[in-house]
Amino acid sequence: MRTIVNQILTISGLRIKQAFFFLSVLGSLTVTTAQVDFTYHSPYKYLKGKDASTVAADWMSPGFDDGDWSAGNAPFRYGDGTGGVELTDMMNSYSTMYLRSAFECSDTSMVREMTLTVDYDDGFVIWINGVEALRRNAPASLGYDAFAPGNHESGLGEDFVVSTKGLNLVVGTNLVAVQGFNVSLTSTDFYFDLAMYAEKSQPVLSDSAGISFSHPSGFYDAPFNLLLTAPLPDMGIVYTLDGSNPQNSPTAVTAGSTCQILVDPESTAYRPATPGVVVRASFTRPGYKPSIPAAATYIFIERVKEQIYPGGGWPSSNVNGQIIDLPMDYRVVHDPLYAPLMDDALLDIPTISVVTDLKNLFDPASGIYVNADGHGLEWEKECSVELIQPDGSEGFNVNAGLRIRGGWSRHPDYPKHAFRLFFRELYGNDKLYFPLFGEEGADQFDKIDLRTAQNYAWSNGFPENTFVREVFSRDSQRDMGQPYTRSRYYHLYLNGMYWGLYQTQERSEARYA
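Everything numeric here is computed off the predicted structure, so don't read it as measured data.

What counts, and at which threshold
Residues numbered from 1 in each chain as written. Predicted model: local features only at pLDDT ≥ 70, side-chain atom pairs only at ≥ 80, totals over all residues. Heavy atoms only, no water. Helix = DSSP H or I, 4+ residues; strand = E, 2+ residues; numbered from the N terminus. Pairing = 2+ DSSP bridges. Axes fitted to C-alpha atoms, helices over the stretch in contact; angles between N-to-C directions. Contact = heavy atoms within 4.5 Å. Buried < 20%, exposed > 50% of the residue type's maximum accessible area, 1.4 Å probe, protein only.

Before going further, it helps to spend a moment on unusual backbone geometry. Cis peptide bonds are those with omega within 30 degrees of zero, and the linkage from A74 to P75 qualifies with 5°. The topology assignment puts P75 in the loop between β3 (70-73) and β4 (76-78). Across the junction of D121 and D122, the peptide omega takes the value 20°, indicating a cis bond. When you line up the elements, D122 lands in the loop between β7 (113-121) and β8 (123-128). Of note in this structure, Y270 is not a glycine but carries a positive phi near 65°.

Let us look at the sheet that holds strand β21 (residues 351-355). Read around the closed barrel, the 7 strands follow the order β21-β22-β23-β24-β27-β29-β28; overall the barrel is mixed. The average undirected angle you get between the axes of adjacent strands in this sheet is 40°. In this structure, strand β24 (residues 418-422) lies alongside strand β27 (residues 447-451), joined through 4 bridges in antiparallel fashion. Counterpart to L421 in the pairing with β27 is I448. Relative to the sheet, helix α7 (residues 467-479) contacts β27, β28 (487-494) and β29 (497-505), its axis offset from that of β29 by approximately 20°.

With 9 of its 10 residues buried, strand β11 (residues 172-181) lies for the most part within the structure. As judged from the 10 bridges shared by strand β6 (residues 96-105) and β11, these two strands associate in the antiparallel manner. Within β11, the position partnered with S101 by the bridge is V176. Pairing analysis gives 6 bridges linking β8 to β11, with the strands arranged antiparallel. In the strand pairing of β11, W127 is matched with A177.

What follows is the structure, encoded as structure tokens:
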């Protein structure tokens, strides 16, 4: 009997011929050589849970003989999706699926991590060459009749980056095994599909000199041409205008050692029409990954006051029940009492600009803003963050990790969520080195909270708002000689969109003490 590994080896010659044909069609296009490229709808050997009560404990290992298992292509599903293997007998019969497939790796020495894209309903465990690589929403005991502990809907694949250390990758054919779990026997749907991808591991270019921006971040009245210059003439530049990371964004624009960008809030070239123009740029050199990005934010106050839905990837309606409220309130902006004060109000206190891929915020499956009850490192997304002083004095410009913070305020009925920034070497800055509270406090931070008016807030329809009294109370503790945490007020912009009043607050934990 032939296992799935044997079957793929027998058609490897055909795959090589197809690959050469594909490359000849591409002609002079630049192609990144993948070391692993395992796509959706790949072939598997599979066993239904109802037939797995006596399956061997090592079924996920390369040496296991799956010759008497059924064969078919993913997705494995019922109730959702199209194509693949439809499990018409799963409901009220069994809750698990056992899958085995093979993938090729061309150079293990150059692979440090793999990206696994999983579209699933409801849970799974994945093994590579018999070693557990990833699990999500899986039970503690992996029996043939086990259930996923909670619901998870399919429809959008989620990306997971896993280290290849310990996965025993070999040059040639490797094994991927999956156990999928449904939430109950009466569940009306099940779905599983998987893609895996890995490129050559290359060192990241060091950003010791940095890209030169001809204009500093700040407030501007009219469009202008921004000039970016790489540190050395043999380096290139790659940049984005939509907030995504230019190191790996499909919307990144590639240029030479210098490039000119029109900074115009009304332009929709490579960007949404946000009132703040955000630029993220890295420099490149053959044999290296692009450098950790630098960012700049250019805010046009007149456009901020007229802020509307900007298009370009921003959600146009609520997501996962999360209220999305983007326009400025014309009742305030155009009120005769407040209209003359708006410019001064937007420039009276410092501004914090947070820039990240819009998917990191609003993707239904993985966006932190529309899955605000998510906790932990898996719900932390990379970002660039700037402190912009309205008088042009020194601020900061760093990269960080971004999470949602808070308790009940994470509820989707609350249009404004609070954030927490984490400063890690992973993002290029192991700490924030800046006297955030002037001479009053520390000048080094591992993390910082960005709080906002939440439980008692006008944005939630409450007549009360405790945003001012909270800082007043903490400062009163200071004035009475008691321990307190420091705060400052800021305007917050997310990817160039005005997001309202926020405040920094120290976290009163071990590092604070």
